[in-house]
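As a plain string of letters, each chain reads:
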Amino acid sequence: MRHLKIKQFEESFFRVIMFLSTLLIVLTLFLIIFTILYKGLPSLSWEMISQVPKGGFYFGKEGGILNAIIGSLYLSFGATIIAMIISLPVALFINIHLVKRKKLVNAIRFILDLLWGVPSIVYGAFGFAVMIYFGLRTSLLAGMITLTFLIIPIMIRSMDEVLKTIPIGLMEASLSLGSTRSETAYKIFFKQSLPGIITAILLSFGRAIGDAASVLFTTGYTDNIPTSISQPAATLPLSIFFQLTSPIPEVQNRAYASAIVLTFIILLISISSRFLFNKFNKHNIKS
Amino acid sequence: MDNDIKINIKDLNLFIGNKHILKNINISIPNKKLTVILGPSGCGKTTLLKTLNRLTDLYPEVKVKGNIFIDNEDILHTNKNITEIRKNMGLLSQQPYPLPMNIFRNVTYGLRISGRRNRKILKNRVEHYLKQVNLWDEVKDRLKDSASQLSIGQQQRLCLARGLAVDPEIILADEPTSALDPISSQTIENEFLTFNGNYTIIVVTHSLRQAKRIADYVIFMYLGEVIEQNSADEFFNNPKEEKTKEYLKGIFN
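Not measured: the values here are computed from a predicted model.

A.B. asks: Help me understand the pattern of salt bridges, please; the structure alone is not making it clear to me.
C.D. replies: Side-chain pairs of opposite charge can arise whenever the charged atoms involved come near each other. Considering all chains together, one arrives at 19 salt bridges over all chains under this definition. With a closest N to O distance of 2.7 Å, B:Glu189 and B:Arg213 form a salt bridge. With a gap of 24 residues between them, B:Glu189 in helix α7 (residues 182-195) and B:Arg213 in helix α8 (residues 208-214) connect regions that are remote in the sequence. Salt bridges here are not isolated pairs; linked through shared partners, they connect A:Arg109, A:Asp113, A:Arg157, A:Asp160, A:Glu161 and A:Lys164.

A.B. asks: Help me understand the packing of aromatic side chains, please; the structure alone is not making it clear to me.
C.D. replies: Describing an aromatic ring pair means giving the distance of the ring centres and the angle of the ring planes. Residue and element names in this part refer to chain A. In this structure the tally under the stated criterion is 13 aromatic pairs over all chains. For the pair Phe-126 and Phe-149, a centre-to-centre distance of 5.3 Å together with 75 degrees between the ring planes defines the contact as edge-to-face. Here the residue Phe-126 occupies a position in helix α5 (residues 120-133), and Phe-149 occupies one in helix α6 (residues 140-164), the gap between them amounting to 23 residues. Residue classification places Phe-149 among the partly exposed residues on the basis of a relative accessible area of 37%. With a centroid separation of 5.3 Å and an interplanar angle of 90 degrees, the aromatic rings of Tyr-133 and Phe-134 are classed as edge-to-face. For Tyr-133, a relative accessible area of 70% gives the class exposed.

A.B. asks: What exactly am I supposed to notice about the interface of chain B and chain A here?
C.D. replies: It is common to give the size of an interface as the accessible area lost on bringing the parts into contact. Chain B puts 29 residues into the contact, and the matching count from chain A is 27 residues. Of the roughly 2700 Å² buried between chain B and chain A, counting both surfaces, carbon and sulfur atoms make up 64%. Interface area lost by chain B to chain A is led by B:Leu58, B:Tyr97 and B:Pro100, which between them contribute 27%. Inspection of the region where chain B meets chain A yields one salt bridge. Counting across the chain B and chain A interface gives four residue pairs in polar contact (both at pLDDT 80 or more). Counting only elements with at least two residues in the side of chain B that touches chain A, the list comes to α2 (82-87), β6 (89-92), α3 (103-113) and α6 (152-165) of chain B. The residue makeup of the side of chain B that touches chain A, split by class, is 15 nonpolar, eight polar and six charged.

A.B. asks: Hey, could you run me through the nonpolar core in this one?
C.D. replies: Nonpolar side chains tend to gather and get buried jointly when the protein is soluble and globular. Core analysis: the largest hydrophobic core is formed by 73 residues, its most contacted members being B:Ile7, B:Ile9, B:Leu48, B:Ile68 and B:Ile202. Ranked by the residues each element gives to this core, the list is headed by α6(A), at 10 residues. Not counting chain neighbours up to four residues away, the residues in contact with B:Ile202 comprise B:Ile7, B:Ile29, B:Thr35, B:Ile37, B:Leu49, B:Leu52, B:Ile170, B:Ile171, B:Leu172 and B:Ala173.

A.B. asks: Which parts of the structure should I look at to understand the domain arrangement of chain A?
C.D. replies: All names here are of chain A. Here the domain parsing of chain A yields domain 1 (2-43) and domain 2 (47-286). Taken over C-alpha atoms, the centre of domain 1 sits 30 Å from the centre of domain 2. Counting from both sides, the interface comprises six residues of domain 1 and, opposite them, eight residues of domain 2. Carbon and sulfur atoms make up 76% of the area that domain 1 and domain 2 hide from each other, which totals about 620 Å². When residues of domain 1 are sorted by the area they lose upon contact with domain 2, Ile-36, Lys-39 and Ser-43 head the list and together hold 75% of the total. In this structure, the connection of domain 1 to domain 2 is made through zero salt bridges. For the side of domain 1 that touches domain 2, the residue count by class is three nonpolar, two polar and one charged.

A.B. asks: Looking at this model, I keep getting lost on the sheet that holds strand β1 (residues 5-16) of chain B. Mind explaining?
C.D. replies: Whether parallel or antiparallel, the strands of a sheet pair through hydrogen bonds between backbone atoms. Residue and element names in this part refer to chain B. On the basis of which strands lie adjacent, the open sheet formed by four strands has the order β2-β1-β4-β5 and antiparallel pairing. For this open sheet the edge positions go to β2 (19-30) and β5 (73-74), each flanked by a neighbour on one side alone. Note: β1 against strand β4 (residues 62-70), eight bridges, orientation antiparallel. By the bridge assignment, Phe-15 is partnered in β4 with Lys-63.

A.B. asks: Honestly, the sheet that holds strand β7 (residues 170-174) of chain B in this entry has me stumped. Any pointers?
C.D. replies: All names here are of chain B. With respect to topology, six strands assemble into an open sheet ordered β6-β7-β8-β3-β9-β10, the strand pairing being mixed. In this open sheet, the two edge strands, each paired with only one partner strand, are β6 and β10 (225-231). Strand-to-strand twist of the sheet, defined as the mean angle between neighbouring strand axes without regard to direction, takes the value 15 degrees. Pairing of strand β9 (residues 217-222) with β10, which is carried by six bridges, proceeds in the antiparallel orientation. Looking at β10, one finds that Val-218 is bridged to Asn-230. The sheet strands contacting helix α10 (residues 242-249) are β3 (34-38), β9 and β10, and the helix crosses β9 at an angle near 100 degrees.

A.B. asks: Explanation requested: the pairing of strand β8 (residues 200-205) of chain B in the structure shown.
C.D. replies: Remark: a regular strand shows side chains that alternate across the two faces of the sheet. Residues and elements named next belong to chain B. Of all six residues making up β8, six are buried, and the element is well covered by its neighbours. Here β3 pairs with β8 via five bridges, running parallel. Opposite Ile-37, over in β8, you have Val-204 as the bridge partner. Sheet topology places β7 next to β8; five bridges connect them, and they run parallel. Each bridged residue has a counterpart across the sheet, and for Leu-172 the counterpart in β8 is Ile-202. The β-α-β motif built from β7, the intervening α7 and the parallel element β8 has right-handed crossover chirality.

A.B. asks: Please clarify how α7(B) should be interpreted in this entry.
C.D. replies: The periodicity of an α-helix, 3.6 residues per turn, causes residues three or four positions apart to be oriented the same way. All names here are of chain B. For α7, with 14 residues, the first-to-last C-alpha span of 20 Å sits near the 20 Å given by 1.5 Å per residue. Among all positions in α7, only Ser-184, Ser-185, Thr-187, Ile-188, Glu-189, Glu-191, Phe-192 and Phe-195 are buried. Downstream of α7 by a residue or two, Gly-197 has a phi angle that is positive, lying close to 105 degrees.

A.B. asks: Any chance you could explain the environment of A:Ala234 here in plain terms?
C.D. replies: Residues and elements named next belong to chain A. In this structure, Ala-234 sits in the loop between α9 (213-216) and α10 (236-244). Between the C-alpha atom of Ala-234 and that of Gly-40, which follows or precedes it by 194 residues, the distance is 20 Å. Once residues within four sequence positions are removed from consideration, Ala-234 is found in contact with Asn-67, Ala-68, Gly-71, Ser-72, Tyr-221 and Thr-222.

Reading the values: the criteria
- Residues numbered from 1 in each chain as written.
- Chains lettered and ligands numbered in written order.
- Predicted model: local features only at pLDDT ≥ 70, side-chain atom pairs only at ≥ 80, totals over all residues.
- Heavy atoms only, no water.
- Salt bridge = Lys/Arg side-chain N within 4 Å of Asp/Glu carboxyl O.
- Helix = DSSP H or I, 4+ residues; strand = E, 2+ residues; numbered from the N terminus.
- Phe/Tyr/Trp six-rings, centres within 6.5 Å; stacked < 30°, edge-to-face > 60°.
- Buried < 20%, exposed > 50% of the residue type's maximum accessible area, 1.4 Å probe, protein only.
- Contact = heavy atoms within 4.5 Å.
- Buried area = accessible area lost by both parts, 1.4 Å probe.
- Polar contact = N/O pair within 3.5 Å; in protein donor to acceptor, adjacent residues only side chain to side chain.
- Nonpolar A, V, L, I, M, F, W, Y, C, P; charged D, E, K, R; others polar.
- Core = buried A, V, L, I, M, F, W, Y, C linked by side-chain atoms within 4.5 Å.
- Domains from an automatic or database assignment.
- Pairing = 2+ DSSP bridges.
- Axes fitted to C-alpha atoms, helices over the stretch in contact; angles between N-to-C directions.
- Right-handed = clockwise from strand over helix to strand, strands pointing away.
- Expected span 1.5 Å × (residues − 1).

Right, here's the structure in full:
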């Protein structure tokens, strides 16, 4: 009897804790969105997103952040595409060709997890060192390379987590039909995990576009829209930083407007990821 | 006599880590007959089956010693391409694993990767093999639908058709009916009986009744050892070993 009461108390206690934690998270999210909308929406205008900064923009004069929007998009698309070309074969390789080498695969996963945890400023410093070594200047290219390093561990591990869930029976089926391991990788496993792979790519894109520290030394900052990858470029996170550190209230509000733009881009990415996930999910074997 | 033996296993031992899973297996599997590997759960039947087309290559810590001769070629020590060897053996697993593509492509997958892409021939083959497994009438209007939408029983028949389409000589079936409803199970069993004589079929099962219904030849395994192997007639009516007699009486299971 007493035992039952303790169990009941436990149950309701943990329910309350879980409910409160969930509430806290949801409220925080809303608070963040509310803050940037409240402070930024009045400053958000067509001019803001369609023009580059004019003289004295950072002192409250005319212009917009088109340079940073375009710069961020170039940079993140570039880095995501390079990272994708490298990550996909690695993720497939460790899940299919190395399926018997459990210890080696675990070691690779461990290293990737460590790299995932390295702060992005460290990648920035590393990218800077590489840049100097090769005699590059702050440029889109240097930024892309640095961002690629930053998101590769994220991309490989996210793809890996999806590929890991594919039952070995599917690999056996494919091999029994006379496929080689590479055919199994690209014709079967790739197809089976395509929704997850797309999610992994978009997740990495979101991480790339939101990162400020790694591009600080490598991409530089400019008021112009870059016309080649050897030119420096502006980025949204840095644009927010520069505007927010201004003592002028109008410029500070523009920082929040820029934050709205960045949040909106990431939101768009999330929604399209959901959409693509459902679109490519139809052939998937559910187990 | 030797011409009637398709697979000859000599002194096969298999270890996973330190565990001795298959112990001194010596068996001969007759050509174009239906052989049942019978035994209680965990006796190594599935492992033995997977050794035959070297799917054991996929599992960590597995060590295989001994010889497996298929048509006098030792597949454990061969220079031949392992993909070619596997292609010669259709596999039906416990759970069906349709490929993540539509029904048509599932059946033609094996043909396409070996370079046959003529649409007319492919269409022909799809109809032929789906008819062979009694699935054609159920799916002929929805060949472009995803295979994952089929019921489990249909999926298993699709997997059989897909395996037959690469024109194997041997069919390996690992408890192919254990996940299926009674009607689908019966269909699969009947298909095996129909194919019998054209293929060397090896079925792993723990069901005595199923073995009785379909087997020409029985291999009885217990705790990683082959206890007895004989023609189905002899095995069921005149078992030699104590263990076999006990199993047939249902004393352990």
